[in-house]
Amino acid sequence: MRSPRRFRRGALVALSAGVLLAVVGCESAVDRTTKGTSGTAEAEDVLLQPLGEPGPGPFTESTARPVPSPSVTRSPQEGDGSATRTVHRVSGALPGLYGGVRSEAACDVEQQARLLTADQDRARAFAEVAGVEAVQVPGYLRSLTPVVLRADTQVTNHGFSAGSTTAFQAVLQAGTAVLVDSRGLPRVRCTSGNPLDRPAAAKGKVTHRGERWPGYDPARILAVDPGVQPLTALVIVDTDDNTWIERAVGDDGGRDRTPADPPPFEPSQDLLFPSPARPSDPVPPPSAPSAPAPAEPEETECPDPSATGGPAEPPPGCPPPMEPEPDPGTETPDDFGEAPSDEPWGWEEEPGVVPEPTQVFPGEPDGPGGPDDFGGPDEPMYADADVPEPFAG
């Protein structure tokens, strides 16, 4: 038995790999030329398919479990059907992506195999789309798992007409019975027996055609990506009592059981679509960081000036040492090395001698040269931003 922690870790991986991004207007999935049957066209044309309608070019009659036929409403005119939509890509391994009834298959797999193998042309066309040999079709179908879609899902559908297969883009209504593979990808639509594949990428504005059902929302469409690894069981939602079911891959529901390690969220929790932020919710202003309390100054022990052997630099916070009184009649030299004069300081010009300036100001080059004459084009005027002292007065 797996531990709850291990299941939660796997569920979070499925969620992070599943709800990857929302693509507005088109999908970035398998890109292929998709010319549909009557009533469909290129990848920019998407056919809406209610769960009870077989649609164009069915491979077989329906093998889906009978369900009440929903009422449908006609879509707007072609010109009004081109609306911006949002297709959300999810992982086929996401718990709760599919539903079903406990111990009951969503469609009859054995009947599906009999109907397909009864017609060699259809079996060959189906096998070509599925990527198997015609003789392998029954075994291929038995390896799939019957479930129902819990959200409107776009796929590449394939119809059979005049002995050949045609592909077209379709959105299948939630509740449609499908057969999915071990990576969670829908592979067969049970209402028509048509093989399915991942949706194609549209290169322009998408137009939805066909019949719209109650609750249809073009901003809530799924596109299923394959799970990272093959699964041994799918965790689906019981559509009768809204509980978890663990259904083994390739089983018709006879071995259904309650998961030993259920997902860490309720079946009713909507994880298939991101929750939009409500504009009415006020956004709290960012809290200003509180200023740290001023630290108490540490008391500095100042040395006794009389105990030192001479003038020394006092520690921070201590008063400077007192300068000794000069003896009368002596002169104290300044920084220039000579006694200060009572006369104003000025240049003593000698004939024919140009005094050297003690400071160079920007914009006053001392001679023609390169870009500047301050030590080279890449050398700053003052090293380390040491500005010279002003003239003494």
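Residues numbered from 1 in each chain as written. Predicted model: local features only at pLDDT ≥ 70, side-chain atom pairs only at ≥ 80, totals over all residues. Heavy atoms only, no water.

Peer 1: Kindly report on the overall build of the protein chain, identifying the contributing residues and their values.
Peer 2: Per the secondary structure count, the protein chain includes four helices and 15 strands. The burial tally for the protein chain puts 35% of its 393 residues in the buried class. Looking at the protein chain alone, contacts between residues at least 24 apart form 74% of all its contacts between residues at least 6 apart. (Helix = DSSP H or I, 4+ residues; strand = E, 2+ residues; numbered from the N terminus. Buried < 20%, exposed > 50% of the residue type's maximum accessible area, 1.4 Å probe, protein only. Contact = heavy atoms within 4.5 Å.)

Peer 1: Please provide a residue-by-residue account of the nonpolar core, values included.
Peer 2: Ranked by size, the top nonpolar core spans 23 residues in total, and within it Leu97, Tyr98, Val147, Leu172, Val178, Leu222 and Leu272 carry the most contacts. Where this core is concerned, the elements lending two or more residues are β6 (145–149), β8 (164–172), β9 (177–180), β13 (221–225) and β14 (233–238). Every residue in contact with Val178, bar those within four places of it in the chain, is listed here: Thr145, Pro146, Val147, Leu149, Leu172, Val188, Arg189, Cys190 and Leu196. In this structure, Ala106, Leu116, Phe126 and Leu141 belong to the second largest nonpolar core, which totals 19 residues. (Core = buried A, V, L, I, M, F, W, Y, C linked by side-chain atoms within 4.5 Å.)

Peer 1: Give me the lowdown on unusual backbone geometry, citing residues and values where you can.
Peer 2: The backbone phi angle of Ser103 is positive, close to 65 degrees, even though this residue is not glycine. Along the chain, Ser103 falls in the loop between β5 (98–100) and α2 (109–117). The backbone of Ala162 sits at a positive phi, close to 55 degrees, despite the residue not being glycine. Tracing the sequence through the fold places Ala162 in the loop between β7 (153–161) and β8.

Peer 1: Please give an account of the state of the cysteines that cites residues and values.
Peer 2: With the rule as written, the count across this model stands at one disulfide. The disulfide that involves Cys107 links it to Cys190, with 2.3 Å between the sulfurs. With Cys107 in the loop between β5 and α2 and Cys190 in the loop between β10 (186–189) and β11 (194–197), this pair connects stretches of sequence that are 83 residues apart. The buried category is assigned to Cys190, whose relative accessible area is 0%. (Disulfide = S-S within 2.5 Å.)

Peer 1: I'd like a description of the side chain of Asp152, backed by residues and values.
Peer 2: By secondary structure assignment, the location of Asp152 is in the loop between β6 and β7. With no salt bridge to any partner, buried Asp152 finds its closest opposite charge in Arg220, at an N-O distance of 7.7 Å. Within polar-contact distance, the side chain of Asp152 engages the side chain of Trp213 at 3.1 Å. The contacts of Asp152, once residues within four sequence positions are left out, are Val171, Leu172, Gln173, Ala174, Trp213, Tyr216, Asp217, Arg220, Ile221 and Leu222. (Lys, Arg positive; Asp, Glu negative; His and termini not counted. Salt bridge = Lys/Arg side-chain N within 4 Å of Asp/Glu carboxyl O. Polar contact = N/O pair within 3.5 Å; in protein donor to acceptor, adjacent residues only side chain to side chain.)

Peer 1: Mind laying out the environment of Asp225, listing which residues take part and the relevant values?
Peer 2: By secondary structure assignment, the location of Asp225 is in strand β13. Asp225 gets classed as buried once you look at its relative accessible area, which sits at 8%. Sequence separation between Asp225 and Leu185 is 40 residues, and the spatial gap between their C-alpha atoms is 6.8 Å. Within polar-contact distance, the side chain of Asp225 engages the side chain of Arg198 at 3.1 Å.

Peer 1: I'd like to hear about the confidence of the model for the protein chain, residue by residue, with values.
Peer 2: Overall, the predicted model of the protein chain reaches an average pLDDT of 73, with 54% of residues at or above 70. pLDDT under 50 marks residues 1–41. Its contacts with residues more than four places away, or in other chains, come to 86 contacts. Counted against residues more than four places away or in other chains, residues 277–284, with its pLDDT under 50, gives zero contacts. (pLDDT = per-residue confidence, 0-100.)

Peer 1: Residue-level account of α2, with values.
Peer 2: Taken together, the buried positions of α2 are Val109, Gln112, Ala113 and Leu116. The buried residues of α2 occupy an angular sector of 100 degrees when the element is viewed end-on, so they sit on one face. On its buried face, α2 sits against α3 (120–130), α4 (137–142) and β9. Measuring from the backbone nitrogen of Glu110 back to the side-chain oxygen at the start of α2 gives 3.3 Å, which picks out Asp108 as the cap. (Arc of directions from axis to C-beta.)

Peer 1: Break down α3 for me, with residues and values.
Peer 2: The α-helix advances 3.6 residues per turn, and as a result positions three or four apart in sequence lie on the same side. Here α3 has its buried residues at Ala123, Ala125, Phe126 and Ala127. Taken together, the buried residues of α3 touch α2, α4, β7, β8, β10 and β11. Capping of α3 at its N-terminal end is provided by Asp119; its side-chain oxygen lies 3.0 Å from the backbone amide nitrogen of Asp121. Of the residues trailing α3, Gly131 is marked for its positive phi of about 80 degrees.

Peer 1: How would you sum up the pattern of salt bridges? Please name residues and give values.
Peer 2: Evaluated as defined, the whole model comprises 14 salt bridges. Of the charged contacts, one joins Glu104 and Arg65 as a salt bridge, the two residues approaching to 2.2 Å between their closest N and O atoms. Within this pair, whereas Glu104 is found in the loop between β5 and α2, its partner Arg65 is found in the loop between β2 (45–49) and β3 (73–74), the two being separated by 39 residues in sequence. Here Asp225 makes a salt bridge to Arg198, at a shortest N to O gap of 3.1 Å. Remark: Arg198 occurs in the loop between β11 and β12 (207–212) and Asp225 occurs in strand β13; sequence separation between them is 27 residues. One continuous salt-bridge network, built from bridges that share partners, spans Arg89, Arg198 and Asp225.

Peer 1: A description of the side chain of Gln49 should follow, citing residues and the corresponding values.
Peer 2: Its place among the elements puts Gln49 in strand β2. Taking the relative accessible area as the measure of exposure, Gln49 reaches 2% and is therefore buried. Apart from the residues lying within four places of it in its own chain, the contact partners of Gln49 are Pro54, Gly55, Pro56, Asn157, Phe168, Ala170, Val171, Leu172, Gln173, Arg189 and Trp213.

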